[in-house]
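# A closer look at the structure
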Amino acid sequence: MTSFFKRVIVYSTLLLLSLGPVALFTGNANASGQKPYQTPYQTTRKNAGTPNSSIVKKDKNGMVITYGNSAILYKAPPSALDAIGEALFMQNCASCHGTKANGVPANGVSGAYPNLVGLGPATIDFWIDSGRMPATNPRAVEAPRRFARLTPSQALAVSAWVNSLDPSLPDIPTPNLTNANVADGAALFALNCAACHTIEGDGDALANSTFAPSLRDIPAYQVVEAIRTGPGNMPRFTGNLSDYQVRDIVKYVTTEIQHPNNPGGLGLGGLGPVAEGFVALLLGVGLLALIGFWVGERE
Amino acid sequence: MSIDVPNTKRARAQAKGPFGSVGKVLDELDDRLGVAKGGRTFMDKIFPDHWSFMLGEIALYSFVILLVTGVFLTLYYIPSQDLVTYHGTYLPLDGMRVTEAYASTVNMSFAVRAGLLMRQMHHWSCDIFVGAIVVHMARVFFTGAFRKPRELNWSIGLTLLTLAIINGFLGYSLPDDLISGTGIRIAYSIVLAIPLVGTYIGFWLFGGNFPGTMIIPRFFILHVLIVPGIMIALVGAHLFLLVRQKHTQFPGKGRTEKNVVGSPMFPVFMAKTTGFLFVIAGITALLGAFAQINPIWQFGPYEASRISYAVQPDLYMAFLDGALRIWPSWSFHSFGHTIPFEVTVPALILPGLIFGLCYMWPTLERLFTKDNELHNLLDRPINRPKRTAAGVSMGVFITVLFFASSTDVIANFFHVSLEEVLIAMRVLVIISPIIAYPITYRICKELQHTPGSGKRKTANVVTRSEDGEYIATSSPVYVDDAHHGLAAVEVPRFISAAPDEESETSGTRVVER
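So, here is what we can say about the structure in this document. (Residues numbered from 1 in each chain as written. Chains lettered and ligands numbered in written order. Predicted model: local features only at pLDDT ≥ 70, side-chain atom pairs only at ≥ 80, totals over all residues. Heavy atoms only, no water.)

The secondary structure content of chain B amounts to 17 helices and 10 strands. Once the C-alpha set of chain B is aligned to its principal axes, its extents read approximately 85 × 70 × 55 Å. Each of the 513 residues in chain B was classed as buried or not, and the buried ones make up 48%. Partitioning the contacts of chain B with sequence separation of at least 6, the portion at a separation of at least 24 is 74%. Summed over its atoms, the accessible surface of chain B is roughly 25,700 Å², and 67% of this surface lies on carbon and sulfur atoms. A gap of 5 Å separates the mean positions of the 42 positive and 39 negative side-chain charges of chain B. (Helix = DSSP H or I, 4+ residues; strand = E, 2+ residues; numbered from the N terminus. Buried < 20%, exposed > 50% of the residue type's maximum accessible area, 1.4 Å probe, protein only. Contact = heavy atoms within 4.5 Å. Areas by Shrake-Rupley, 256 points an atom, 1.4 Å probe, with all protein chains shown as cover. Lys, Arg positive; Asp, Glu negative; His and termini not counted. Charge placed at Lys NZ, Arg CZ, Asp CG, Glu CD.)

Shown next as C-alpha cells:
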C-alpha cells in the first residue's frame, strides 16, 4: 500500500467525520425543536360534511336516511345490519378501538387509538373498504391501502353499528357521473388534489413518512368518501367543494387519471421526467453507444 | 478546334472523364471556386476507427434532429401569454382559459398531422443530445484528449454543453404547462437569489414580477434564434478545430504522435457516419412514436396558484434540482438584505464551481504535471490513475445529485421515509466521491500490472486432428475483419494525388500531421 493511498484514506476519513454530522443535522425539521408527527391517525370532527343538498329524507324519529342531490346521493347504512356489524367489530376492530369504539382498548391503554364514535359511516366504510383497516401495524404512522380484509357488505355492517352508537354524517355516498363535466373536474383536480397526489394521480411520498396514495385503482364512491371525510393526512373538503364539483373531480379521476389516453405511446408509469430520463439515457444514449460500439473498432 | 471525336455513347462518356457528370460538375466548380484543395482535405480527413470516437456523433446528429424537428414546431407554436379559451379535441381542457402558448402546443399535439410525433422526437432528441454530450465529454476526459493542443476545443465543447442545458430548459418552459411553469418559477427564484442585484436582474428578465406576460416570448426568441445560433457557430468551430488539429488516436501498431491512422472521410467514414445518422434518427423516431414524453395536456395550463407534487426537471437539469433539494435551509438576514444560501449555493455557486473546474482542468493538469508537450496519442485511463480517479469522483458526485432530484419518487417507490432518503442523499453526496477516488485509483494501479490488459482479445480456435487430438491455436487479431475488403479509392484526376503510406493495419490510411 503506497503512502499516497494511506494519506487519501486518512484525509477522507477525517473529512467524512467532520462533514457527516453537519449533513445529518442541518436543515432537518426535527433538529429545530419541532416534535415529530406522533398521532397515528387523525380523527375527523363530528358531523363533517354537513349536507348542503336539496333532498333530505328522514324517518319518523327524525333520523336522516338519505340526503343529496342529482350529483351525489348519501345514504345511511341500514340499521338492520347493526347486529352483524357489532359482531364483526368485536372480531376485527375492538382489540384496538375498544368494545365501545371509543378508542379505549380493553387493557385500558388509551389515547393511542382514535375514537370512532360520531365519525360518520363514510369514514368507517372508507377505512375498512380500502383495506387500510384492520391495520397491519397499528403503531405505524400510516396504514397503507391493500386488499380489503372485510367484504364491502361487512364494511357497511360495521359502519352501521358504529353509526348506531351516535348517528352522524357524512353517510355513504353514491356519485352519479352522468352529467359530470370532466373539464371542470380537471381544473378542480389541479387546484385541490395535484399538490399531493401529483397531476397524473400517481401519489408520492410526503413529509414525516406519510404518503399520498395513487389514485389509479380507486372506485368512484371511495374518492367521494376520501374527499368528504379527509382520511389520514388528507384535508377534509366540505364547504369549499359542492357535491357537483366533487362529482366532476370523481369523473376526471375515474376517466382521465385512471384510464389515460396516452396518445403519445407508452405512458412510462406517469413518473414524468424521472422515467423519461432513464429511457433517454438507457434506450437512447445507451443503445446508440452500443450501436457505435458495433460499428466502430473495438481494439 | 475541330471535333474529331465520334458521337457515340461511349465517346460521350469518355469525354466526361472517369467520374462522369459528377466529376465534370466538380471540375467546372473547381475552375471557378477552387473547391478541389478544400475538397481534398475534407475527403482525406482521417477518422480513427475506434468505437469511442462515435459518441460525439450521437450528439452531433441529435443536434441535427433537434434543428429539423424544431423548425417544424415553430410553424405551429404561438409564443404568447395572451389568454384564450381552449376549444379543441382534448375534452378535459375544453372551455378552460389558457395561454396561447399552451393552447398552440396542445393543438400542435392533437390537431396537426405528425405534430405530436415531432414534439416527442424533439424532446427525446434533446435528452439524448445532452446525455451524449456528457458521454462524449467523459471519453475525451478519461483518455486525455483535451490536452495540448486541444484545450480550446475542450472549452468550446463545455460551452456547448452549458448552452445545451440552458436551451433545453428554455424549450421545456415554452409550452407553459403546469410543470414547466413551476420550472420557470424556480428559475425566477434562483435569479432572485443572486446577492444584491438578484431582484433587479429578475425584474429585467421577466419584465416585472413573476409571471408577467413577457417571459414566454423572450424565452422563445432565445430558444429558437439566439442560443441555437451561437450553438451552430460553436459546433462549426468545434468541427473546424477537429479537422485542423486532426483526430487523436489510441497508441498502437504504426501509430505515433506524428501521424493519424484511420479511415478517410470518403468513402469509408462517410458511409459509416451516414448510416449512423439514420440509426440515430430512427431510434429517436421510434422513441417519439412509442414512448410518451411530457404529456402537457394531462398537466393543464400553468397558473401561479396551482402546483403538482413530484415535479422534476428534465435529466439535464436534474443535478441542479438535486442540489437544491438536499441543501440545508441556511440563509442570511441582516443589514436589510436577505441572502438565501439555500438557493444561492446549490443553484448558482455549485454549478459555477463544477463548470469552472471543468474549464480549468486542462490548465490545472498542465500546472500539476508540468507537461507542456503536444499530445496526439491518447492515454488509456488506467495509465493515468489520478486523473481517472478524479473524473470518477466527479462523476459519482454528479450522479448522486442526479438521483437526489428524485428523492420523492425514490421514497414512494421503495416506501421509505422522504426524510431518510434526503439525509441518505446528503451523506452519499459527500461520502461517495471520497470513497470513489481511492477505489478507482487502486483499480487503475492493479489493472496496470495485469498481463495482457489493453491488448485485443483473440479467439482460440480448437481443431480436432484425425487422430482425435485437440489442438488450440490462437487466431490472428484481424481475422474476418470487414476492413480487409476495402480497396483504396481512386482519387479524382483534378486532385493532385499524393501517394499515402499504407498503414500496417490493412484498410486504413496513415496521414502525416
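Additional details are given in the paragraphs that follow.
Further remarks concern the interface of chain B and chain A. In this assembly, 82 residues from chain B lie in contact with 68 residues from chain A. Overall, the association of chain B and chain A removes approximately 6,200 Å² of surface from exposure, summing both partners, and the carbon and sulfur fraction of that is 69%. The three residues of chain B that bury the most area against chain A are W51, Q292 and Y309 of chain B, which together make up 11% of that side's buried surface. Our count for the chain B to chain A interface comes out at zero salt bridges. The tally of links from chain B across to chain A stands at 17 residue pairs in polar contact (both at pLDDT 80 or more). Listing elements by their share of the side of chain B that touches chain A, those giving two or more residues are α4 (55-74), α6 (115-142), α8 (178-192), α11 (265-290), α12 (296-299), α15 (385-404), α16 (407-414) and α17 (418-448) of chain B. Sort the elements by how many residues they give to the side of chain B that touches chain A and α17 of chain B lands first, with 12 residues. For the side of chain B that touches chain A, the residue count by class is 52 nonpolar, 16 polar and 14 charged. (Buried area = accessible area lost by both parts, 1.4 Å probe. Salt bridge = Lys/Arg side-chain N within 4 Å of Asp/Glu carboxyl O. Polar contact = N/O pair within 3.5 Å; in protein donor to acceptor, adjacent residues only side chain to side chain. Nonpolar A, V, L, I, M, F, W, Y, C, P; charged D, E, K, R; others polar.)

The next point concerns the side chain of D129 of chain A. Residue and element names in this part refer to chain A. Within the element layout of this structure, D129 appears in helix α4 (residues 121-129). Among buried Asp, Glu, Lys and Arg side chains, D129 stands out as unpaired, with R145 the closest opposite charge at 7.7 Å. The contact partners of D129, leaving out residues within four places of it in the chain, are A148, T151, P152, A155, Y221 and Q222.

This paragraph deals with the environment of T199 of chain B. All names here are of chain B. By secondary structure assignment, the location of T199 is in helix α9 (residues 198-206). On the basis of relative accessible area, T199 is assigned to the partly exposed category, the value being 42%. Spatially, the C-alpha atom of T199 lies 33 Å from that of P295, the residues being 96 residues apart in sequence.

Residues F189 and I249 of chain A together with I58, L93, F129, M231 and L401 of chain B are the most contacted members of the largest nonpolar core, which totals 136 residues. Take this core: its biggest share by element is 12 residues, from α6 of chain B. Residues within four places of I249 of chain A in sequence aside, it is in contact with G185, L188, F189, C193, I227 and L241 of chain A. F126, M133, L150 and A226 of chain A belong to the second-largest nonpolar core, a separate cluster that totals 20 residues. (Core = buried A, V, L, I, M, F, W, Y, C linked by side-chain atoms within 4.5 Å.)

Right, let's talk about the pattern of salt bridges for a bit. Residues and elements named next belong to chain B. Applying the stated criterion across every chain, the model contains 16 salt bridges over all chains. Close ionic contact of R147 with D379 constitutes a salt bridge, the shortest N to O distance being 3.1 Å. Pair noted here: R147 is in the loop between α6 and α7 (151-173) and D379 is in the loop between α14 (341-369) and α15, with a separation of 232 residues, a long-range link. A relative accessible area of 7% means that R147 is categorised as buried. Across the salt bridge formed by D321 and R325, the nearest N and O atoms sit 3.0 Å from each other. One end of the pair, D321, and the other, R325, are both in helix α13 (residues 318-326), four residues apart, so they sit about a helical turn from each other. Of the residues examined, D321 reaches a relative accessible area of 12% and is grouped as buried. Assessed through its relative accessible area of 23%, R325 is described here as partly exposed. A single salt-bridge network, built from bridges that share partners, covers R147, E365, D379, R384 and R387.

The next point concerns the packing of helix α6 (residues 182-192) of chain A against helix α9 (residues 243-257) of chain A. Residues and elements named next belong to chain A. Direction vectors running N to C along α6 and α9 enclose 95°, while the axes themselves pass 7 Å from each other. As the angle between them shows, α6 and α9 are arranged roughly perpendicular. Contacts from V182, D184, G185, A186, L188 and F189 of α6 reach α9 at Q245, D248, I249, K251, Y252, V253, T255, E256 and I257. A breakdown of the residues in the contact of α6 with α9 according to their chemical character gives eight nonpolar, three polar and four charged. (Axes fitted to C-alpha atoms, helices over the stretch in contact; angles between N-to-C directions. Parallel < 35°, antiparallel > 145°, perpendicular 65-115°, else oblique.)

Of the positions making up α16 of chain B, those classed as buried are T407, D408, V409, I410 and A411 of chain B. For α16 of chain B, the secondary structure elements touched by its buried residues are β5 (204-205), β6 (211-212) and α10 (273-295) of chain A together with α13, α15 and α17 of chain B. Count one or two residues on from α16 of chain B and you reach H415 of chain B, which has phi positive near 50°.

Next up on the list: the packing of aromatic side chains. All names here are of chain B. Under the criterion given, the structure shown has 26 aromatic pairs over all chains. Measuring from centroid to centroid gives 6.1 Å for F210 and Y302, while their planes differ by 65°, and the two rings are edge-to-face. Taken together, the residues span a long stretch of sequence, with F210 in the loop between α9 and α10 (215-245) and Y302 in the loop between α12 and α13 at a distance of 92 residues. Grouped by ring-pair contacts, the aromatic residues F141, F142, F146, W154 and W361 constitute a single cluster. Positioned above the aromatic ring of F47 is the side chain of K45, whose terminal nitrogen or guanidinium carbon lies 5.3 Å from the ring centre. The side chain of R185 reaches across the aromatic face of F210, ending 5.0 Å from its centre. (Phe/Tyr/Trp six-rings, centres within 6.5 Å; stacked < 30°, edge-to-face > 60°. Lys NZ or Arg CZ within 6 Å of the ring centre and 35° of its normal.)

Limitation: the analysis is restricted to geometry and does not speak to function.
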